[in-house]
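# Coordinates in review
Here is what each chain is made of, one letter per residue.
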Amino acid sequence: MTTLTETVESIRAGQTTATQTIQACLERIEKNDGHLHAFVSVDSKRALARAELIDNALKAGKPVGPLAGAAVAVKDNLCTDFAATTCASRMLAEYRPPYNAHVVECLERAGAIVLGKTNLDEFAMGSSTENSGIGVTCNPWQPDHVPGGSSGGSAVAVAAGMVPAALGSDTGGSIRQPASFCGLVGLKPTYGRVSRYGLVAFASSLDQVGPFTRTAADAALMLEAIAGYDGRDSTCADQGVPRYAEKLGRSLEGVRIGLPAEYFGEGLHETVRASIDEATKVLVDLGAKLVEISLPHTSYAIACYYLIATAEASSNLARYDGIHYGHRSKNAQDIMELSASSRGEALGPEVKRRIMLGTYALSSGYYDAYYKKASQVRTLIAQDFAQAFEKVDAILSPVTPTTAFAIGEKTDDPLAMYLADIYTISANLAGICAVSVPCGFDPAGLPIGYQLMGAAFQEETVLAIAHQYQQHSDFHRRVPPL
Amino acid sequence: MSALKRSMTEPGITFRTIIGLEVHVQLRTKTKLFCGCLLEFAALPNSLTCPVCLGLPGALPVMNREAVRLAIRLGKALNCTIADFAKWDRKSYYYPDLPKNYQISQYDKPLCQEGWLDVPGEDGVGRVGIQRAHLEEDAGKNIHDTPGCTLVDLNRTGTPLLEIVTRPDLTSADQAYAFCTELQKLATYLSVSEGSMQKGQMRFEPNVNLAIVRDGIEYRTPISEIKNLNSFKAVRAAIEYETRRQLQDWMADNSYLFGERPHENRGWNDGRQVTELQRSKEQAHDYRYFPDPDLVSVEVGRNAALQGELNRPIDELPVARCLRFQAEYGLSANDAETILAERATADLFERAVEAGAPPKVAAKQFVNVWSKLANEYRRSIAELGIEAKRIGALAKMVEQNTVSASAAKTVAAAMLDSTDGPDFLAEQLGLIQVVDEEELAKWVDAAIAANEKAVQTILTNPKKAKASEGFLRGQVMKISSGKADPGRAGELIAKRVAGLKDQED
Ligand SMILES: [Zn+2]
């Protein structure tokens, strides 16, 4: 299967055309998406029309963008004015935004072609893509297993070779965990690295858009395209964007990699641990130095995360009331009932659960004990990382305690599902960057990944380490049995 | 009313009214508080909207620094402490005109805190404490014109408002009225707000209750909040009504007391001139305030524009300037206030004085001549566009008796259509005052001859003599087409009439 880098290079070199590339992607979607359900919508007509424009430009010798002709998929919580943006919710089943998300603009400006919108847990709330109002997405490595979530559709679209790259959003691990479950590189950039304008908010202070790719080099290309200042998002950093792809060759000689004791304790599955041990050996062989570190507030992260994320979600999702857009109930007598029934009918159980949790955490009399306390804990977690990054250049840990679980296995136990986020949520709380890198398979043939966390705006560091590792491993080259 | 009057005179009972005000002032920015949509009045419904103010999924707010700057300016003029950070919070409630179902506001860190406003009143200046002033976005409008259907117009959504909350320091409806007008003057004077009542740019919510003392014991009535008043008159009338009503209710039922009865929300019925109890909510509202994660706190001291506003000396405020106009220029309080009604006009007046205009004469001309011309053209005096130098020159001519005060009106009108100086124009119009005694005597004699009745009145009725003399003087001005010096004409009239009297004797 070709990578994004190979795809754009062969189009630019004239070995293939954008049109041929798009057609090949459409064929794979046609062949596999009937049973995998990665996509919510595919717009082949629009994609082919854009491919033709790019081919014409190339033929005429006109300049094209760095991603010219490459097909990409975007998670269906990113606004597009050319396709419905459903958030996999009945609430927005027919909602068509009047504008494009910043990242969608960036990709298309770079010449990429948005082929379709991918499935997710409703409003990005979940870890398995089972909470979708549209249907369950299946893991291409074992279709009775989940692909992870909430960006499961984007992960599967790349893993199954339907597109060379896709965008997801990561609030507590929603890019890194499905990347790990599907054998991909998944990058959650630093909070503020990528504009959130047009990303339908789940938890505003944690949400960040990032890419799914096969390789770290591809992730670097994607990040260069979407990162940077955008005046429409006040939380977006006004900071220059490094040429990530050019900095991948950096040697690992003397690079300090921290291993946090708290991330390798009870609950971590042995096969996952063994694969990660193997990966660290490769990094040591490349010159990296391992450093034992401690992130002492790790055990509070899940409680802290589920208070802050649900509190913000309860407020962010208040706008879906059936008045201005979205699903409107036909069974209401007055205005309050209209809002209540519209929400009651159209929002799924996990979304309702989180709205209720968050509403409770913000209620007067509980605010100090829950939301405010969680915000204080969040500061402590961020301090843990700040102190750790004084001693190390990157932190290596598991992405998930286990490999992908079976569809339906955890749907009745939301708490077990929440605990699966244990290694990923701290990076969101601390606002730092983190990437998930393929490093093995379990005996059942399901992928395993490790996570590299970097200090804020140190994407180039974690991408370089991941790239060097991928030069000496081949897990990312394996193809699911389709 | 009659019951109230009786009660007020009932021995052993006294009461005082306790009033606090919440005032929403619309800030004079070009665009909305968190998006680039223009602020225009009476535009086509929903034409001034975008994804941000429509609250569409994925759209994000971006703070309008100009709104913060204006709020700092008004906050400083209200003697408030300005916060180090502009911090934003979400206030949650469901309403169709609030598309996000939360309002972006400032909760625990208002931009302005703890100040005061001095309000002139009959017993001198009264100081009203300002508890806080915070920024927030306005909601849209629900329109119930069509039966069975409510339409929502979101043009107003996101309009920047400064909510000013006073201490309960106000003691009467008149004082509340004066506070509101003074605040409007201040806000318009500082160009912080257009302050237009017609456009709903100022809205008032008085909180009212009474402290009643009977037999040395104080009783407090429950606080009622009168919602959404949009005129000064309504503020006064609603507080007056509320004072009467609460006293009556307490007289009728002595358990009508603060703490025993709930806080009441009341609406003002302008047609019936009464407040009406609004359907009280079943439970206290929980707005679930929390910091808006979409907006970063902006450090006021770190932002150049905001810091500039913070460090700028406070402009001389209308109350102080009015006192100075009286002391420095010897103006009457009325004239000073008239000139100060609009800042640009007051500035023009001072520039004319600097250019050599005698202040008192110039003030009279502002009040009697220029304001009338301005009214005719539906403009302010400053907007007439006459240079301070020419305005000053005309005042000087009157002072030096070169033209009469009435001729000056004609000259002023001519100045509107010309760039020439008033001296040249007066010359052209033949309005240069004549000092020639002979000609003046002719005009006086003509006036006396034509108005025998007035002469008789002067001779026989001392009470009306002065008025008739004035009438004759006016006739001389008329006959002379304004060229006569009214002072000298008056002297000559008196002399001639005295001569007639001598003849009769
Ligand atoms: Zn707008």
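Residue indices follow the written sequence of each chain, beginning from 1 at its first position. For naming, the first written chain is A and the first written ligand is 1, with later ones following in the order written. With pLDDT at 70 or above as the cut-off, local features in this predicted model cover only qualifying residues; side-chain atom pairs require 80 or more to be listed or tallied, and sums for whole chains, interfaces and linings still use all residues.

### A look at helix α14 (residues 452-460) of chain B
All names here are of chain B. This is how the line gets drawn: Every C-beta atom is placed from the backbone, and the number of other C-beta atoms within 10 Å of a residue's own sets its class: buried at 20 or more, exposed at 12 or fewer, partly exposed in between. Comment: elements are numbered from the N terminus, with helices defined as DSSP H or I runs of at least four residues and strands as E runs of at least two. This arc describes the spread of directions from the helix axis toward the C-beta atoms.
Inspection of α14 places Ala454, Val455 and Ile458 among the buried residues, and these make up the whole buried set. The buried residues of α14 occupy an angular sector of 100° when projected down its axis, which confines them to one face. α14 presents Glu452, Lys453, Gln456 and Thr460 as exposed residues on the side facing more than 90 degrees away from its buried surface.

### A few points about the interface of chain A and chain B
Applied cut-off: By the criterion used throughout, residues are in contact when their C-beta atoms, derived from the backbone, lie within 7 Å. Three classes are used: nonpolar for Ala, Val, Leu, Ile, Met, Phe, Trp, Tyr, Cys and Pro, charged for Asp, Glu, Lys and Arg, and polar for all others, with Gly counted as polar.
Opposite the 34 residues of chain A that make contact, chain B presents 24 residues. Of all the secondary-structure elements, those providing two or more residues to the side of chain A that touches chain B are α9 (301-316), α10 (335-346) and α11 (349-362) of chain A. Classifying every residue of the side of chain A that touches chain B by side-chain character gives 16 nonpolar, twelve polar and six charged.

### Examining the sheet that holds strand β6 (residues 209-213) of chain A
Residues and elements named next belong to chain A. This is how it is decided: The criterion for strand pairing is that DSSP finds at least two bridges linking the strands in question. Here, axes are lines fitted to C-alpha atoms. For helices the fit covers the stretch in contact, and angles between N-to-C directions go from 0 to 180 degrees.
With mixed pairing, eleven strands are arranged side by side in an open sheet as β1-β3-β2-β4-β6-β5-β10-β11-β9-β7-β8. Each of the sheet's edge strands pairs with one partner strand only, and the pair in question is β1 (39-42) and β8 (289-293). Each adjacent strand pair in this sheet contributes to an overall mean axis angle of 25°, direction not counted. Note that strand β5 (residues 185-188) and β6 share two bridges and pair antiparallel. Among the inter-strand pairings, Val185 is bridged to a residue of β6, identified as Thr213. Contacting β1, β2 (71-75), β3 (113-118), β4 (165-169) and β6, helix α5 (residues 152-159) runs over the sheet at an angle of about 165° to β4. Packed onto the sheet, helix α7 (residues 216-226) meets β4, β5, β6 and β10 (433-441) and runs at close to 150° relative to β6.

### Things to note about the packing of helix α9 (residues 359-376) of chain B against helix α11 (residues 405-416) of chain B
All names here are of chain B. Selection rule: Angle categories: roughly parallel below 35 degrees, roughly antiparallel above 145, roughly perpendicular from 65 to 115, and oblique for all the rest. Definitions for this section: a left-handed crossing has its near helix turned counterclockwise from the far helix by less than a right angle. A right-handed crossing has that turn clockwise.
At their nearest, the axes of α9 and α11 sit 10 Å apart, and the two run at 45° to each other. Considered as vectors, α9 and α11 are oriented oblique to each other. Crossing geometry of α9 relative to α11 is assigned as right-handed. Counting all contacts with α9, which are made through Gln365, Val369, Trp370 and Leu373, the residues of α11 involved are Ala408, Lys409, Ala412, Ala413 and Leu416.

### Things to note about the domain arrangement of chain B
The following threshold applies: An automatic or database domain assignment supplies the residue ranges for each domain.
In terms of domains, chain B is made up of domain 1 (2-298), domain 2 (318-428) and domain 3 (437-504). Spacing between the C-alpha centres of domain 1 of chain B and domain 3 of chain B amounts to 60 Å.

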